[in-house]
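Residue-level listing of the chains:
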Amino acid sequence: MGDRAQSDIDLLGGARSALVVDLGAIVANWRLLAKRAAPAECAAVVKANAYGLGAGRVVPALAAAGCKTFFVASAAEGEACRRALGSDTADIYVLDGLAGTAPATFALNDLRPVLSSPEEVSAWTSAPSHALPFALHIDTGMARLGLMPDDCVGLHLTSKPALLMTHPACADDLADPMTARQAATFDRLCDALGDMARDVPRSFANSPATLSDPRYRYDLTRPGIALYGGRAVNEVANPMRAAVRLIARVLQVRSIAEGETVGYGATFAAKRPTRVATIAVGYADGVPRALGNAAGAQHPCVVIAGHACPLIGRVSMDLTTVDITEAPHGALTAGATADVIGPHLTIDDIADRTGTIGYEILTGLGARLPRVYVGAAETT
């Protein structure tokens, strides 16, 4: 057994499958983005439990690397982020704004709400905590959260915001003119806020805008998916390091005759004598059911003992089957490990095959998968 195979067995321990999170890769990605963003500050979006990878480990690693600003979705996520940071004094912005949370909760946990309406601004500025830092979110075309254009004219502010921000809708498409239109709208509406917004730092860029065009970096960038190795800009080579591998244990190996079928719905029928390995991962772990039935003759592959093995049949809740016929006899046995997600099949490859985006694949990787962390030494 090779060193890599034994290492993966050690990583699994007693688990049937596991998500291997490379903290060193995440830190390297942040450093690349920070270099690209300079002289703007590079923050980190760690909402949804650091895109499912574990904010309790990801946030301290990024803080140790020099990240000073973090964005989360909710106040509860902000509290968890603050606990993960310990004594670190990093800024934490809550994208949902107040969302029914008492302003005192933000003060208690040193969180900064991102306010998106005149009503939120009024609620914050009338509270005892009104002097604490906050951000204003301006809607420039997403029509989700944010102050509308008319809200920005004559908005009553009793203190300066710490940040003005908006969010681009189409920055992943370099040819889409909407990004430039949004930036122009952002500039105009920031100016419309008047003296209270003068000289306040501005933030526009998400992952794709950070990577694509210096005009959009302003004072603070907010990368998310790129931190975790996902593709941010369409039709452009991804410069980020992969940060996750999904490994699973081979539970059984068997031989079937020509004409025999595999899995639910009998969607795969062997055209020759075939050896089949069953691995311990399925759609309950976040492997899309549709992946096993991807259109076209070329099936996606997993890697077992260094051999690329195509998926066959349907992905079921707990199990996936692969064709190991082309691998040498004896090389692939029960107890071996399979690389399901890795350099050979990335989250974006899976997304492309199943009609979604890498964000959904990454954040959907199942909660029952143990997170195993490697690369921590690279964070210092």
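As the structure is a prediction and not an experimental result, all values here were calculated from the model.

Parameters at a glance
- Residues numbered from 1 in each chain as written.
- Predicted model: local features only at pLDDT ≥ 70, side-chain atom pairs only at ≥ 80, totals over all residues.
- Heavy atoms only, no water.
- Helix = DSSP H or I, 4+ residues; strand = E, 2+ residues; numbered from the N terminus.
- Buried < 20%, exposed > 50% of the residue type's maximum accessible area, 1.4 Å probe, protein only.
- Contact = heavy atoms within 4.5 Å.
- Areas by Shrake-Rupley, 256 points an atom, 1.4 Å probe, with all protein chains shown as cover.
- Lys, Arg positive; Asp, Glu negative; His and termini not counted.
- Charge placed at Lys NZ, Arg CZ, Asp CG, Glu CD.
- Expected span 1.5 Å × (residues − 1).
- Arc of directions from axis to C-beta.
- Pairing = 2+ DSSP bridges.
- Polar contact = N/O pair within 3.5 Å; in protein donor to acceptor, adjacent residues only side chain to side chain.

Draft legend 1. Examining the overall build of the protein chain more closely. Secondary structure assignment for the protein chain yields 11 helices and 19 strands. Across its three principal directions, the C-alpha atoms of the protein chain cover 75 × 45 × 35 Å. Considering the protein chain as a whole, with its 380 residues, one finds that 51% of them fall into the buried category. Sequence separation of at least 24 residues holds for 65% of the intrachain contacts in the protein chain that already meet a minimum separation of 6. Looking at the protein chain as shown, the accessible area adds up to about 16,300 Å², and 54% of this sits on carbon and sulfur atoms. Taking the average place of the 33 positive charges on the side chains of the protein chain and the average place of its 38 negative ones, the gap between the two points comes to 4 Å.

Draft legend 2. Representation of helix 8 (residues 178-192). An ideal rise of 1.5 Å per residue puts 21 Å on 15 residues; helix 8 measures up with 21 Å between its terminal C-alpha atoms. Those residues of helix 8 that sit buried are Met178, Thr179, Gln182, Ala183, Thr185, Phe186, Leu189 and Cys190. Angular distribution of buried residues about the axis of helix 8 spans 165°; they occupy a single face of the element. Within helix 8, the exposed residues directed more than 90 degrees away from the buried face are Arg181 and Asp191. Residues of helix 8 that are buried in the fold lie against strand 8 (163-165) and strand 9 (202-203). One or two residues past the end of helix 8 sits Gly194, with phi positive at roughly 85°.

Draft legend 3. Just the pairing of strand 11 (residues 244-256), in detail. Both strand 1 (residues 17-22) and strand 11 contribute to a ladder of 5 bridges, which runs antiparallel. Looking at strand 11, one finds that Val20 is bridged to Arg245. Examined bridge by bridge, strand 11 and strand 18 (residues 337-341) share 4 bridges and lie antiparallel to one another. Looking across to strand 18, one finds that Arg249 is bridged to Thr337. As judged from the 6 bridges shared by strand 11 and strand 14 (residues 274-279), these two strands associate in the antiparallel manner. Counterpart to Gln252 in the pairing with strand 14 is Thr278.

Draft legend 4. Molecular detail of the side chain of Ser116. Looking at the secondary structure, you find Ser116 in the loop between strand 6 (112-115) and helix 7 (118-125). Among all residues touching Ser116, those that are not within four sequence positions of it are His137, Leu145, Gly146 and Leu147.

Draft legend 5. Representation of helix 2 (residues 23-37). Taking 1.5 Å per residue as the helical rise, helix 2 with its 15 residues ought to reach 21 Å, and the 21 Å between its terminal C-alpha atoms agrees with that figure. Of the positions making up helix 2, those classed as buried are Leu23, Gly24, Ala25, Ile26, Val27, Asn29, Trp30, Leu33, Ala34 and Ala37. Buried residues along helix 2 sit in contact with strand 1, strand 2 (41-42), helix 4 (55-65), helix 9 (207-212), strand 10 (220-221) and strand 19 (371-374). Measuring from the backbone nitrogen of Gly24 back to the side-chain oxygen at the start of helix 2 gives 3.0 Å, which picks out Asp22 as the cap.

Draft legend 6. Unusual backbone geometry, seen in detail. Pro39 follows Ala38 through a cis peptide bond whose omega is 10°. Within the secondary structure layout, Pro39 lies in the loop between helix 2 and strand 2. Phi at Ala143 is positive, roughly 55°, even though this residue is not glycine. By the secondary structure assignment, Ala143 is in the loop between strand 7 (135-137) and strand 8. For Ala143, a relative accessible area of 65% gives the class exposed.

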